[in-house]
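So you can see what is in the structure, the chains are spelled out below.
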Amino acid sequence: MGAITVRSASFFRWSFILVSLCSFAHALAAQTPKPSQSPAGTPSNQRIVIAASQVFDGKGGILQNRRIVIEGSKIVAVEPYSGGPVDYDLRSLTVMPGWIDAHDHITWIFGKDGKNAGMTGTTQDDAYRAASNTWVTLMAGFTTIQSVGAANDVPLRDAIAAGRIPGPRILTAIEPLIGKGEDTGTPDEIRAFIRKQKEAGADLIKIFASKSIRQGGGMTLSFEQLSAACDEAKKQGLRTLVHAYKEAVVAATLAGCTEVEHGTLATDQDLKTMAEKGVYLDPQAALIINNYIEHKDQYIGTPGYTAEGFAAMEKILPLDCDLVRQAAKTKGLKVVFGTDAVAGMHGRNAEEFIDRVNCGVDPMTAMVSANSLGAEAMGLGDQIGSIAPGMQADIIALDGDPVKDITAVRRVVFVMKSGVVYKNVAKSAIPVYAGVKP
Ligand SMILES: [Zn+2]
């Protein structure tokens, strides 16, 4: 009997490990960046060689004088360079992995009348505007974004993945779970909603557990509802990003969710708890609120944007900077980079790096948050976010060194995604996209 018990225990343990591995493999397969399959944007299998004098490896390291060799969509070698023929000479620039924006609303646009038109537009004009968002985002150096989300992200994600139009790799939540108290549904109904997103092809799950900060940011899901959502997503092999302020931050952390978005008004103790539980934080230093203020006339009067809401945002702005500073000081807290890009922000995503550094974040930490750490948070740490053999060839180059001058993030002169070069311009002739002055 004793022996059987031991065998059973080990059988169950192995079954559990196998099930876990299967769901992990499934999650990766679902989120694996798909290199282009059609002729447009397909990397050729020829070798491309880049010479660089300064390479950020994406994990905080700096390599000097390297030759980066790319075959197809992947980096195959990073080795010392001491001369010889190259295809792209990026010496005199800072070379690093393409950036990752963990929080984007890529289809969010201003309409023909210039007013906020949200992210659910379906006309031809809306579609072109969304495609333009992807173009300027890629030109700004962002090779992967996570859209959190809208149903019309899906055709855009798939068109880019197939190489039909240029843009960053898109991961999408499709339809978010919006907390509405009891009206959100029972835990079982919430679980069914999560499975529905998975079936529709979601790469992750987005959950609103707090009201907008413009409406006070109160919690909109019970702990039981939140736990059901994050638990079911985990069972489906999907990560959960939770829009949370104040008390919802620690609730999302204890409910087993993956990442907290915004996090405004979290206490120091909440941040410590997040660090202990390994929950990622994606705070915004200033760009999102500054963008609303800059485009106030275009937002005010459209659904969700009132004069009182703007007053609330203006009050919150310095608190967001405090949160980013406090998060950076919290030992072991994994802080990723996400802008919350809405209309007016697309192609200006990198301004948030400048805001973070102005709020007290070390510049290299800010870079890593949008490279290896951002990739790890997406479960893609072995594919994107670093410059090393075997990784996707997502490579950008800046005129200047962002560690010495963070405004160098505005001067992206080279963009390669999955081995395809989308931008390669002279330092003196950087085109202006989305109003970003080099
Ligand atoms: Zn958002």
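Residues numbered from 1 in each chain as written. Predicted model: local features only at pLDDT ≥ 70, side-chain atom pairs only at ≥ 80, totals over all residues.

Draft legend 1. Region of the structure containing the overall build of the protein chain. Secondary structure summary: the protein chain contains 13 helices and 16 strands in total. Within the span of the protein chain, comprising 438 residues, buried residues form 49% of the whole. (Helix = DSSP H or I, 4+ residues; strand = E, 2+ residues; numbered from the N terminus. Buried ≥ 20, exposed ≤ 12 C-beta atoms within 10 Å, placed from the backbone.)

Draft legend 2. Spotlight on the sheet that holds strand E6 (residues 99-104). Within the open sheet, the 3 strands sit side by side as E6-E7-E8. Their pairing is parallel. With partners counted over all chains shown, the strands left at the sheet margins are E6 and strand E8 (169-172), one partner each. In this sheet, neighbouring strand axes are inclined to one another by 15 degrees on average, regardless of whether the strands run parallel or antiparallel. Across the face of the sheet, helix H3 (residues 153-161) comes into contact with strand E7 (142-147) and E8 while running at roughly 150 degrees to E8. (Pairing = 2+ DSSP bridges. Axes fitted to C-alpha atoms, helices over the stretch in contact; angles between N-to-C directions. Contact = placed C-beta atoms within 7 Å.)

Draft legend 3. Broad picture of the packing of helix H6 (residues 247-254) against helix H7 (residues 268-277). At a minimum axis distance of 10 Å, the contact between H6 and H7 shows a crossing angle of 15 degrees. Taken together, the axes of H6 and H7 are roughly parallel relative to one another. Remark: the crossing between H6 and H7 carries left-handed chirality. Between H6 and H7, the contacting residues are Val-249, Val-250 and Thr-253 on the first element and Asp-270, Thr-273, Met-274 and Lys-277 on the second. Residue composition of the contact of H6 with H7, by class: 3 nonpolar, 2 polar and 2 charged. (Parallel < 35°, antiparallel > 145°, perpendicular 65-115°, else oblique. Left-handed = near helix turned anticlockwise from the far one by under 90°. Nonpolar A, V, L, I, M, F, W, Y, C, P; charged D, E, K, R; others polar.)

Draft legend 4. Structural detail: the pairing of E8. Taking every second residue as pointing to the same face, both faces of E8 are buried, with Arg-169 and Leu-171 on one and Ile-170 and Thr-172 on the other. As judged from the 4 bridges shared by E7 and E8, these two strands associate in the parallel manner. Of the residues in E8, the one forming a bridge with Thr-144 is Arg-169. Taken together, E7, H3 and E8 constitute a β-α-β crossover, and its handedness is right-handed. (Right-handed = clockwise from strand over helix to strand, strands pointing away.)

Draft legend 5. Looking closely at the nonpolar core. Ranked by internal contacts, the top residues of the largest apolar core, which has 127 residues, are Leu-90, Ile-205, Ala-209, Ala-229 and Ala-252. The element that contributes the greatest number of residues to this core is strand E1 (residues 47-56), accounting for 6 residues. Taken together, domain 2 (47-97 + 392-429) and domain 3 (99-377) each give at least three residues to this core, which thus spans both. (Core = buried A, V, L, I, M, F, W, Y, C linked by C-beta atoms within 7 Å. Domains from an automatic or database assignment.)

Draft legend 6. Up close: the sheet that holds strand E13 (residues 280-282). Spatial strand order, E9-E10-E11-E12-E13: 5 strands in an open sheet with parallel pairing. If you trace the sheet from one side to the other, it starts and ends with strand E9 (177-178) and E13, each paired once. In the sheet, E9 pairs with strand E10 (residues 205-208) via 2 bridges, with the strands oriented parallel. Bridging across to E10, Ile-178 finds its partner in Phe-208.

Draft legend 7. Seen up close, unusual backbone geometry. Note that the residue after Val-148, namely Gly-149, is joined by a cis bond; omega there is 20 degrees. With respect to the helices and strands, the residue Gly-149 is situated in the loop between E7 and H3. If you check the backbone angles, Asn-65 has positive phi at about 45 degrees while not being a glycine. Structurally, the position occupied by Asn-65 is in strand E2 (residues 62-71).

Draft legend 8. Broad picture of the environment of Gly-60. Inspection of the secondary structure puts Gly-60 in the loop between E1 and E2. With 307 residues separating them along the chain, Gly-60 and Met-367 place their C-alpha atoms 8.0 Å apart. Among residues more than four places away in sequence, those in contact with Gly-60 are Met-364 and Val-368.

Draft legend 9. Just the confidence of the model for the protein chain, in detail. Taken residue by residue, the protein chain gives an average pLDDT of 91. The fraction at 70 or more is 90%. Overall, residues 1-39 carries pLDDT values under 50, and its contacts beyond four positions in sequence, including any with other chains, amount to 33 contacts. (pLDDT = per-residue confidence, 0-100.)

Draft legend 10. Seen up close, the environment of Pro-363. Topologically, Pro-363 is positioned in helix H12 (residues 363-369). In the structure, Pro-363 is positioned 40 residues away from Val-403 in sequence and 5.2 Å away in space, judged by C-alpha atoms.

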